[in-house]
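Fold and contact review
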Amino acid sequence: MPGLYSSATSQQPMASLGVRPATYSSTSVHEQDSGLDWAGQIVDKHMLEDRSYPDLSELLQVPSHDYPTASGLSEYDYPSHSVHGVGLSSLAQVRETKHTPLPPELVERFAHMQCNCNMGLFPEINRAWLTIDSDIFVWNYEDSGDLAYFDGLNETILSVALVRPKPDIFQSHIQFLLCLATPIDIVLLGVSFTSSRAGGAAEEPYAEMHLLPDPLFTIPSDNTYVTDIAASGNGRVFMAAKDGCLYELFYQAEDGWFTRKCRKINHSHSKLSFLVPSFLNFSFLEDDALVQIAIDDTRNILYTRSEKGTLQVFDLGSDGLGMSRVASVSQQTAVYNASLIVRTIDKSNFKPIVHVAAVTSEESANIHLVAVTHTGVRLYFSTSHFYSQQREPYTLSLVHVRLPPGFCASAAVPRPSHVHMAHYKNGALLLASSLTEEEDVLHTMSGDAFPFQRHLLETQSTTRLYGRAWALGEAPVPAPPRGSGYTPPELQRPDPPSIVTQHVQAPRRFITLTRQGSHLIDLLRPVEQLRHLLEASGGADAEAVKAFFTLHKDAQACASALILACSKAAADQQVSEWASRAFFMYGSEPRMVFPTATADVQQQQQPGLQPTNLLGAGAFSSPTVANTSIGTPGLSTRGFQPPQASTPVPGQYAGAQGFQQVGTPAATPTHGLMGPEVQFSGKHNGLYLYFYRILGSVWDGRLVSEVAYQNRQGQPALCLNSSRNADELGWYVEQLRALRDFLDKNQQYTICTVTPDRSVLPRNLQQRVIGFMRPDVSLASTNHMDQVQQQLQTKYQVEAQALEKRSLLNLHALVARTCEALGLWKILCDHQFHILVSALPPNVQDQLRMQVFCDFVVNGKELSNKLILCLISRYLGDNATTDAVSDRLRDVCPSLYSHNDAVASKASEVLQISKSVQNKHEKEAMLQESLQRYKEISTQLNLPLICQQFEEVHFFGGVVDICLTAALKRDPQGLALHFYKNGEPPEDAQGMEAFRARVDCYRAITDMLHNLLSVCLQHPQAPSVPAAPGPPPAPDYNRLTPTQAEQQMEKTLQMALKSDDELFHTVLYDWLLDMQLTDKLLEIRSAYVESYLKRSVSHQADNLQLLDMLWKFYEKSQQYIAAARILTKLAERHGSDVNLKRRVEYLSRAAICAKSADLRSTAGNEGEFLHELEEKIEVARLQTQIVDALSAKEHMRSSTMLEVIGRLNAQLFDITQLYGEFAEPFQLPECKLAIVHCAGHVDSVLIEMLWREIIEEEMKKTVGRSTETVMTTLSNRLVALGRIYASSDRFFPLEFLVRLLEQRCCQLSADAALVVNTLLAAGVHLPALLGTYDKLYRAKDPWWQSSRKPLHLLTVITKLLALFVDAPNAVAHQERRKFIAMCLDVVTAYLVDLQTMSASADTDAGALVRSFRALHAQLDRML
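Residues numbered from 1 in each chain as written. Predicted model: local features only at pLDDT ≥ 70, side-chain atom pairs only at ≥ 80, totals over all residues. Heavy atoms only, no water.

**Details of the overall build of the chain**
- The number of helices and strands found in the chain is 47 helices and 35 strands.
- Counting only residues that meet the buried cut, the chain has 52% of its 1423 residues in that class.
- When contacts within the chain are restricted to residue pairs at least 6 apart in sequence, those whose partners lie at least 24 apart make up 64%.
- Carbon and sulfur atoms provide 51% of the accessible area of the chain, an area that totals close to 66500 Å². (Helix = DSSP H or I, 4+ residues; strand = E, 2+ residues; numbered from the N terminus. Buried < 20%, exposed > 50% of the residue type's maximum accessible area, 1.4 Å probe, protein only. Contact = heavy atoms within 4.5 Å. Areas by Shrake-Rupley, 256 points an atom, 1.4 Å probe, with all protein chains shown as cover.)

Structure (structure tokens):
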């Protein structure tokens, strides 16, 4: 599901239910995203235009607080709709909506009046009040109902005020306080309300009023005559008194140490004034009573007006709880300063001041106070420097004088006069002017009809009141959804003009209270004026309606018309149709604007605003120099500074090449070469403008805000919550759906069907454009250029319509996407948004914290997916069905939550339910159902997540099934296998994409097998330290034991191997190799194994593991010759990854494989191959011998020696190389002997030399040791060598060895039998050994005489014969008699020689004679 999508692409969808977005072509996705982005940037442009309205100080053209200005002297300051041929003389500015008489009960009360009566308004609760002597009556001024009264006072009521109570003082049912001042007491009464009337259908917050019978507080007035009472927003109550002092009625919940619950504080005197008697204070005060208080709660400033016109400024502190007087201006000073600003006006017009009103920061950042005189002149004041960072007031400077209508010489309306009452708020001024003593006329002035102007233009109207105005007030406007049409708070801008918020706010309603009752007057905005014109004209075909579009400019008028056209109210059906018709009739058409060479000249000739073009330009404007400036084509990035007059055109569009967009008139003319400029229609701009105004600051506002709360541990923490609640979001959705329905209904009109045909454009278009745009053309060619311009205008009209069509299509998509985004957001708010968001990962929460709504709509599909995931996951976590929420998501945001998403949600729901099912068959059925649902949308599954959920319920077969199904559906044409078999060429992008898609599916299977393998390798019952103290944790019955995991792994592996997906087999084999499960791989009986191994080896020729696998596979499959050849290749490979020992093993294994082959069915060359293998084995063993010999030479160990050994391990050498490069240079006689023997090289001299070297080397090793040790070491070595070579007389020179060894024994005086025993142990036959000794004796070598041991050989022979006598079996039975006979013969000969020697008295000879005789006797007996 979109939101559940998880793929390798940049847009990762929801992860937990396992769906990812459908695979669209990259071109279509890019076009859709770029279209939304384009539309979003146009909305940004209109947003900046809508926020470009000037501050009040800018409208008044006041550059600084010390440069005052004036206005009202020009006829254009109060333009009339009846002039200049506009045709709007009947356009009403105000409308009297209702006149309600006083309640009849009150009229009777006037007959009983004794002292005083007064009347006023409580607009905040829709009430009017009347005091007659000591009684007060309050009623609903709209219907004269709900009359309430209080008659618990004994003195005449002087002043009345309704104030909001301070927080946490009174009970919650007390919503307001009614403050009543009499000459004796000041009383606070509690006021409560019921929210709806009995039997009434409409919900009204202040339907029925209740006055508490007992006062909450009563304090003495101390003879203070209170003239006016006002309250600040935080509940402070201030009182103006006739003694010229400003008092505060202070109240609190409990008495303090030195204060009472309720007391009166004088803020006009010092803190020590209580030391002076009150009658003295009164005597010294100037007689200037305070008559009015005005409070600015946005700046915490209080203003007072005295009876003589003195204005005072009090600073309430940054928190609104302080009080200090900072400035005071007398009426005389104000009049003098005003006369300096406007010298042509009589000073009497500037006094007296009859009314003051605070100008809040919501209206202006620089103007703080406005005062109204009896002639309707407005005096604007500031309390600080303009745009100063210092918020505290410190002065009161007159910065502007605004004269009322009638002061212009050509004015057609009379001036206001005898103004005795006024009301000013947010740019609207009401003046109650006396016609007679019994009748007033109401003047109304407002600038709502002329927004976005650079100086203040106002309409004015007069309304006759049948009676004298007792009170003026403004009814509260219901608060719109937060953000609608308003600028974000961080911009610190005043509230926008009413035209920006007219779609969401009701018109401003003013109440005039006379003796006849209440008069309700609505200040009409453009949308009400348009409705009035349509109803009065009976349709859109009227000059007045057309003039309305001319007056307000087509874009602004179209935006106003859309409010009516999109209305769903039944009563507005006819008006809606008329407004739609007017929208299309007067909304203009897209066009190309061609700047002419004479444009600059014409502009220079018209430096000022002329009456003829006052409305022709589409709006009233200040006199300026209008020059042309052309913007650049193309779209900027988000946050760009767009042109202020038209919509950007994407440069990448084919039909927009060379086009530009209409820019804002600049200060200097531009003479460069420019192309045609695209100017969209008023319908286009009105639609975009209305779309933005519906959203307002929501468009670029944050999605969430951080809210402080206390966690379970009582610690302060922050959580993310939606910046808009569900009700507000519902309003936005309702408005946008109405706009979407309008676009759908009127698609044939809003979206032009003309397509650009570039074939109709002249080929020399660019040259012709440049030609007529040159500024230095002669006047003679002007007509020709106009003709060219007209021709090109016609040609380019098609292009302009095509561009507008594309832009409106993008807007339609943006409106639809915004509806879905808001609908999704509302659903999230309905499901405890802060809890859902807390389940998101921290990085996603950070992303959400920084996300603005426009980016969420245009580029937030991934984030939407994650939010949907949280919502669905919460249902699944609560084991709740997802049907209802899925249906709602499908209905609200189908592009974010599609049919596949719903299927995935249901599948996940079934899967979650299966976890709690105990019956095995039911659980299996549910798992299969979940699997089948997932398989329906397998192309969009988030397989890792789905597989994880299947693993949790041990549904391992489902993992294999869903992954293989998904792989097949994502690559139905088998492009991945083709790509794989062709060597994975990088230029095959389509094949590579399919290959990656399949591998992603297979990876989920291998990950599951890896998890099972990890469990298999765990030690059962392995002890571990508990994570925390306490009882042991509960056993996890869902956890597999190693045995169970092994069984499941084997079962799953066998199921996976049944697949005929060759590419999957490849991935599976890779995983087996990575996990060192080579035995498992070799056990597989599949046709894909051999091809996999062969391809792997071909791509990784140096991979030893793969080569090992290949020969083992061949061996197991009884392809012995192939295995032998792979083994031979391994043995002969160069490199250090295989040592010599392993090479020998490879050769030996190869020989075994070759011998195992059926030679009868093989060719002769394979027999030759076996012979070659055997020879290689023999040579390799010689090489091993050399390595061992070199390693044994401790005295020769060095880097060179290690390098040589490394060479011998890195490859196999032939026999010649072994002898010449290693055995000979390093003096290895044994190795040389072995090489000569292996080569069959017979050289007796060389062989004898080698044996001598061997013997000498062995003896050198034992130099300095005992004779026994030396001879034993030598004997052991000779025995080892003799067993190798004794069978070959050519390589074992027995006679040479006996002579040499016996000589060494003589030299060392060793045991005479040592050599004999050594040679017999080496395998020399006893007869051959006896013959050798006999031969040596008879040779009579003089060496024995020179060494003084002439009988040594005979002594050794006696030892040899004694050995035979003791062990006759040393000679074979068939040769024994012959050998005995030979022994008798040689013994007889030795006795003859010894007898000769004994005659010479040689004692050794005598002993030998006795020994030989004894042996002779024993040998005779053996015959």
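From this point, things continue past the structure.
**Here we look at the pattern of salt bridges**
- Taken as a whole and judged by the stated rule, the model has 46 salt bridges.
- Glu 1115 is the salt-bridge partner of Arg 1149, the closest N and O atoms lying 2.9 Å from each other. Remark: Glu 1115 occurs in helix α32 (residues 1104–1116) and Arg 1149 occurs in helix α34 (residues 1140–1156); sequence separation between them is 34 residues.
- Residue Arg 1149 is classed as partly exposed on the basis of its relative accessible area of 36%.
- Because the salt bridges share partners, they merge into one network encompassing Glu 1230, Glu 1258, Lys 1261 and Arg 1277. (Salt bridge = Lys/Arg side-chain N within 4 Å of Asp/Glu carboxyl O.)

**Brief notes about the packing of aromatic side chains**
- One pass over the structure, following the stated rule, counts 31 aromatic pairs.
- Measuring from centroid to centroid gives 4.9 Å for Trp 825 and Phe 833, while their planes differ by 50°, and the two rings are tilted. Comparing Trp 825 with Phe 833 shows no difference in burial state: the two are buried.
- Seen in terms of ring centroids, Tyr 1002 and Phe 1064 are 5.4 Å apart; in terms of plane orientation they differ by 55°. Their pairing is tilted. Highlighted residues: Tyr 1002 in helix α27 (residues 989–1016) and Phe 1064 in helix α29 (residues 1062–1074), separated in sequence by 62 residues. Accessibility assignment for this pair places Tyr 1002 and Phe 1064 in one class, buried.
- One aromatic cluster is present, built from ring pairs that chain together Trp 825, Phe 833, Phe 853 and Phe 856.
- The cationic tip of Lys 242 hangs over the ring face of Tyr 225; the distance from NZ or CZ to the ring centre is 4.6 Å. (Phe/Tyr/Trp six-rings, centres within 6.5 Å; stacked < 30°, edge-to-face > 60°. Lys NZ or Arg CZ within 6 Å of the ring centre and 35° of its normal.)

**Things to note about the sheet that holds strand β3 (residues 117–122)**
- Here four strands make up an open sheet; going across it, the order is β3-β4-β5-β6 and the pairing antiparallel. Each of the sheet's edge strands pairs with one partner strand only, and the pair in question is β3 and β6 (148–150). Between one strand axis and the next, the sheet turns by 15° as a mean value, whatever way the strands run.
- Direction of pairing for strand β4 (residues 127–132) relative to strand β5 (residues 135–140): antiparallel, over a ladder of six bridges. If you follow Trp 129 over to β5, its bridge partner there is Val 138. (Pairing = 2+ DSSP bridges. Axes fitted to C-alpha atoms, helices over the stretch in contact; angles between N-to-C directions.)

**Here we look at the confidence of the model for the chain**
- When pLDDT is averaged across the chain, the result is 80; 82% of the residues are at 70 or more.
- Predicted confidence in the chain is weakest over helix α11 (residues 599–605), with a mean pLDDT of 41, and strongest over strand β21 (residues 369–373), with 97.
- Taken as a whole, residues 20–27 scores under 50 in pLDDT and shows 18 contacts with residues more than four places along the chain or in a different chain.
- Contacts of residues 271–276 to residues separated by more than four positions or lying in other chains number two contacts, the stretch itself having pLDDT below 50. (pLDDT = per-residue confidence, 0-100.)

**Describing the nonpolar core**
- Of all hydrophobic cores here, the largest spans 96 residues; its most connected members are Phe 549, Phe 691, Trp 699, Trp 825, Leu 848, Phe 853 and Leu 889.
- The element contributing the most residues to this core is helix α16 (residues 782–830), with twelve residues.
- Contacts of Leu 848, omitting those with residues within four sequence positions, involve Leu 703, Val 704, Trp 825, Phe 833, Val 837, Leu 840, Leu 863 and Leu 867.
- Ala 904, Ile 946, Leu 1012 and Tyr 1146 belong to the second-largest nonpolar core, a separate cluster that totals 87 residues. (Core = buried A, V, L, I, M, F, W, Y, C linked by side-chain atoms within 4.5 Å.)

**Re the sheet that holds strand β17 (residues 301–306)**
- Overall, antiparallel pairing links the four strands, which are arranged β16-β17-β18-β19 in an open sheet. One side of each edge strand has no neighbouring strand; the edge strands of this open sheet are β16 (290–296) and β19 (324–329). Strand after strand, the sheet turns through a mean of 20° between neighbouring axes, direction not considered.

**What about the environment of Gln 1303?**
- Mapped onto the secondary structure, Gln 1303 falls in helix α41 (residues 1294–1308).
- In the structure, Gln 1303 is positioned 41 residues away from Trp 1344 in sequence and 8.2 Å away in space, judged by C-alpha atoms.
- Residue contacts for Gln 1303: discarding those within four places in its chain leaves Asp 1341, Trp 1343 and Trp 1344.

**Things to note about the packing of α27 against helix α28 (residues 1042–1057)**
- Where α27 contacts α28, the two axes come as close as 8 Å, and the packing angle between them is 150°. In terms of orientation, α27 lies roughly antiparallel with respect to α28. Crossing hand, α27 versus α28: left-handed. Contact residues: Met 1008, Leu 1009, Leu 1012, Leu 1013, Val 1015 and Cys 1016 in α27; Pro 1042, Ala 1045, Glu 1046, Gln 1048, Met 1049, Thr 1052 and Leu 1053 in α28.
- When the residues that make up the contact of α27 with α28 are grouped by side-chain class, the tally is ten nonpolar, two polar and one charged. (Parallel < 35°, antiparallel > 145°, perpendicular 65-115°, else oblique. Left-handed = near helix turned anticlockwise from the far one by under 90°. Nonpolar A, V, L, I, M, F, W, Y, C, P; charged D, E, K, R; others polar.)

**Overview of the pairing of strand β11 (residues 217–220)**
- Covered by surrounding structure in β11 are Phe 217 and Ile 219 only, the residues Thr 218 and Pro 220 on the alternate face being uncovered.
- In this structure, strand β9 (residues 185–194) lies alongside β11, joined through four bridges in antiparallel fashion. Note on β11: the bridge partner recorded for Ile 186 is Ile 219.

**Some remarks on the environment of Gly 406**
- Here Gly 406 lies in the loop between β23 (397–402) and β24 (419–425).
- Measuring from C-alpha to C-alpha, the distance between Gly 406 and Glu 75 comes to 8.9 Å, with 331 residues separating the pair along the chain.
- In this structure, Gly 406 is in contact with Ala 411, Val 413 and Arg 415, ignoring residues within four places of it in sequence.

**Brief notes about helix α10 (residues 573–586)**
- With 14 residues, α10 ought to run about 20 Å at 1.5 Å a step, and its terminal C-alpha atoms sit 20 Å apart, in line with that.
- For α10, the full list of buried residues reads Val 575, Ser 576, Trp 578, Ala 579, Ser 580, Ala 582, Phe 583, Phe 584 and Tyr 586.
- A positive backbone phi angle near 65° is found at Ser 588, which sits one or two residues after α10. (Expected span 1.5 Å × (residues − 1).)

**With respect to a negative patch on the surface**
- On the surface, a cluster of negative charge is contributed by Glu 1168, Glu 1172, Glu 1175 and Glu 1178.
- Tracing the backbone through its elements, the reader meets Glu 1175 in helix α35 (residues 1164–1192).
- On the basis of relative accessibility, which here comes to 43%, the residue Glu 1175 falls in the partly exposed class. (Patch = residues over 30% accessible without salt bridge, like charges linked within 9 Å, V, L, I, M, F, W, Y side chains within 5 Å. Lys, Arg positive; Asp, Glu negative; His and termini not counted. Charge placed at Lys NZ, Arg CZ, Asp CG, Glu CD.)

**Describing unusual backbone geometry**
- A cis amide bond links Lys 351 with the next residue in sequence, Pro 352, at an omega value of -10°.
- Position of Pro 352 among the secondary structure elements: in the loop between α5 (331–341) and β20 (353–358).
- With a phi angle near 60°, Gln 832 is a residue other than glycine that sits in the positive phi range.
- Its location among the elements puts Gln 832 in the loop between α16 and α17 (833–838).
- By relative accessible area, Gln 832 is classed as partly exposed at 39%.
- You will see that His 954, though not glycine, has its phi angle at about 60°, which is positive.
- On the secondary structure map, His 954 appears in the loop between α24 (943–952) and α25 (956–970).

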